Structures are given as structure tokens and as C-alpha cells.
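Now for the letters of each chain:
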Amino acid sequence: MTDIAAPEHIDVEVLRQLAQLDGPAATIAFPTVRAAYSSEQNATKLKNALREVDEHFTALGYTEDEIEARVSSARKLLGDHDFWMHQLDGLVLHLGPHQDAVWRTPFSVPERVAVQDAPLLTPLLPALAESGEFSILAISRDHVRLLRAASTGFERVDLAAHDVPTSTSELPGDDEPPELQQRAGGAGGDPSIFHGHENSDHDRIIAERLFRTVDDRVHHLLVGGAPVVLAGVEENVAHYRHITQLPGVLDEAVIGAPEHRPDQDLHAAARQLVIPHLRAPVDEALERLRERLGTGLATTDLTELLRAVTTGRVDTVLVARGAVVWGTVDAYGEATMRTDDPQPGDEDLIDAAVRFGLRRGGRALVVDPDDMPDGAAAAGVFRF
């Protein structure tokens, strides 16, 4: 085990706290592979990045002992086999001066190594663009499971504690095939009609009893107003979708028997389906940006943006994924941009815009470069 903090949750409040940090800090970011057989590949990336960090600190005049004090916790990770066996899609490390932290992200991050007066925030920004909450409801005759989730994690809900049956064997009453009259359908709007006591009808009737009972009792356990992703074989998903009264059930579903599928796999598959719905705030921010350009209430000019964020004028900072602009900036937002390679003491000005904006209560979102007006690296929507 190592002494480096490993918070998994990333939201705007976490980034606001990081934005308050000052002092020389190293940031290391790179994409990782989840497959256990590639764990050494992940560790090698960190080893190479630490060499770059050493070079950056050396260029700034730090001694070997001072550098080692800054990176020792990260070096311990190199030999932590268990750590490398449990990676997601990206890894971001912040080293000093306040607390070292490592972030495993469910999205890929570009390779970056930087040493500047604050930790880089832009590698973590995709979490905000996709950070809304959602629920995952796995449904079958023998297995019902509910996960409350966000982009960066999940928790399983104890259904038994809330009197929600998790299989047909937990339904109240006997198992004899009941007479079933015509019943009104659910969200699909069509009636379900069953007759007689045939075994095939009996199985479907029992399944419907389970699904209706779950539907009646699970609504208060969902993330309020958030999307619901169903998981199950196609027949059960279609059956449940037909009777459900739950709001927010997505048309897309995780198809396949859920009984032996780990929570992590369900979460990863459901997250891919729900991301387009969670990205609505990004689409809305881009629309506002386009509407306000030319009115004095928005800009795609980085120098203007940096001045505006330091005065609290900016409601939303939008940055193009992967964009980097090196230079220097003072506390008033006056910047000098570097047109050649970065020099010791330079910082990423786009990251600085994000940091200043978050410090003053603004939002920050990452967008695809093709969606940015005028091919801008960064933009801002103003409050006034």
C-alpha cells in the first residue's frame, strides 16, 4: 500500500477545491489499459513520466533531495502490483505541495507532464461533462439489482432492506398459476392479455408479477429525475419496458443476462449509453456561446477570456479537448503567450482560465475541438 490519496469521485466541488491550491505542483496524466496482462505497460508510462518530472524540477533549480520529496509517493506506485491490476481508462496524478492524489478515470486522458504553480485541472474536466447521475436496473426472473451511479462510480442499493423482491421466489403468495384477466399496459400503452393455466403463460405471469412489484416499490430508490438504464435479456427488457411507470427509462438498454455480470461491467456498459443524455449541459453551453458571440457577452479570444475570469465575469469556460497554450499570466489575467517550446516557469494558459473561472464560481466544460466556434482553443460565456 502507498501513502498517496486515491479519491474516485470527481465533481465541480472537487475541482473548485483543487483550483484553490497554489505552489509548485507536478501533474502526470496518461491513458491506461484495464486488461490485467497489460498492467506493466501502465507502470512503464508512469516511470517515464516521472523522469520528465525530475527534469522539470531540475530546470526550476530543485535539488535531488527536494525532487525526491515531491515524487516519492508516486514512485511507490511503480511497485504496487494491486494498484496496476485495478485501472480504468485514464490516470491523473497530482504531486504536492499540499497533498498527493491519484485519480483513476473512466475516460481516456491524453499523455501530459507539467510542473507549474498549480495542479492541472483540464485532464479531469471530462468528468464534469459526463458527471450526471443515473440508475441501472438489472431485471430477470431470478435476479433484480439496482445501482445508483455517476460517471465516476456507483453504489449497489440493498433492495431487501427496502422490501423490493430480487427474484420470483421472494414474491408473496403461492406459486400456483393465477387466473389473469385483461390488464392495462404500462408505459407502452397496449394491454397485456393472458388466458388459462398453460406453463408458458404461468412463467410469463410470474415474471410480470415480479416486474410490477419491483416497479411499484423501486421508484423512491432511484436518482430523482435522472435517466434509468435497464439491463437484461431482450425479452425481459421489452416486458419490463411495456409495464413500467418509472420516469426516465432510456430507449437504450444493456442487453444480456445480468445474473453473473459484475457491477463494474454493468456500470461501464450503462455509462456509454447514458453519456449522450448527460452531455446536455455541454450542448446547452455551446448554444449559449454561439448566440452571444459578437454581443460582448462571450469570447473565443484567450487573452480576453483570461482577463474576464479574473474579475468573475465568466459564467462558463469551455475548452477544446486536448488544447494547450503555454505562457505566463498574472493575477489580473494579463498574459504573455509562448509561440515556441515552453520555458521553465510557463504554465498552461487554458488550464489557468479554468482555474480562475472555478475559483470565482464559474463552470468549466470540455468539448470536442470540432464543436468550438472559430476553431478556438478556449471560450467563455459571460455573466455580464
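(A) Spatial organisation of the packing of aromatic side chains. Scanning all chains against the criterion turns up 3 aromatic pairs. Relative to Y62, the ring of F57 has its centre 4.9 Å away and its plane inclined at 65°; by these criteria the two rings are edge-to-face. F57 sits in the buried class, given a relative accessible area of 1%. Their ring planes at 70° and their centres at 5.8 Å tell us that F211 and Y240 sit as a pair that is edge-to-face. Highlighted residues: F211 in helix α6 (residues 199-218) and Y240 in helix α7 (residues 234-243), separated in sequence by 29 residues. Of the two residues, F211 and Y240, neither departs from the other in class, the shared state being buried. Positioned over the ring face of F356 is R355, at 5.4 Å from the centre of the ring.

(B) Quick peek at the environment of F384. Tracing the sequence through the fold places F384 in the segment after β16 (378-382). Note: C-alpha distance between F384 and G312 (72 residues apart in sequence) is 9.5 Å. Apart from residues no more than four positions distant in its own chain, F384 is found in contact with L297, G312 and R313.

(C) Layout of helix α1 (residues 12-19). Among the residues of α1, V14, L15, R16, L18 and A19 are the ones counted as buried. For α1, the secondary structure elements touched by its buried residues are β2 (90-95), β3 (101-105), α5 (126-129) and α11 (349-359).

(D) Representation of the packing of helix α10 (residues 302-310) against α11. Orientation of α10 relative to α11, taken along the N-to-C sense of each, is 25°, at an axis distance of 8 Å. Here α10 is positioned roughly parallel relative to α11, judged by the angle of their axes. The crossing of α10 and α11 is left-handed. Contacts between α10 and α11 pair L302, L305, L306, V309 and T310 from the former with L349, I350, A352, A353, F356 and G357 from the latter. For the contact of α10 with α11, the residue count by class is 9 nonpolar, 2 polar and no charged.

(E) Looking closely at the pairing of strand β7 (residues 153-156). Relative to β7, strand β6 (residues 143-150) is paired through 4 bridges, and the arrangement is antiparallel. In the strand pairing of β7, A150 is matched with G153.

About the thresholds
- Residues numbered from 1 in each chain as written.
- Predicted model: local features only at pLDDT ≥ 70, side-chain atom pairs only at ≥ 80, totals over all residues.
- Heavy atoms only, no water.
- Phe/Tyr/Trp six-rings, centres within 6.5 Å; stacked < 30°, edge-to-face > 60°.
- Buried < 20%, exposed > 50% of the residue type's maximum accessible area, 1.4 Å probe, protein only.
- Helix = DSSP H or I, 4+ residues; strand = E, 2+ residues; numbered from the N terminus.
- Lys NZ or Arg CZ within 6 Å of the ring centre and 35° of its normal.
- Contact = heavy atoms within 4.5 Å.
- Axes fitted to C-alpha atoms, helices over the stretch in contact; angles between N-to-C directions.
- Parallel < 35°, antiparallel > 145°, perpendicular 65-115°, else oblique.
- Left-handed = near helix turned anticlockwise from the far one by under 90°.
- Nonpolar A, V, L, I, M, F, W, Y, C, P; charged D, E, K, R; others polar.
- Pairing = 2+ DSSP bridges.

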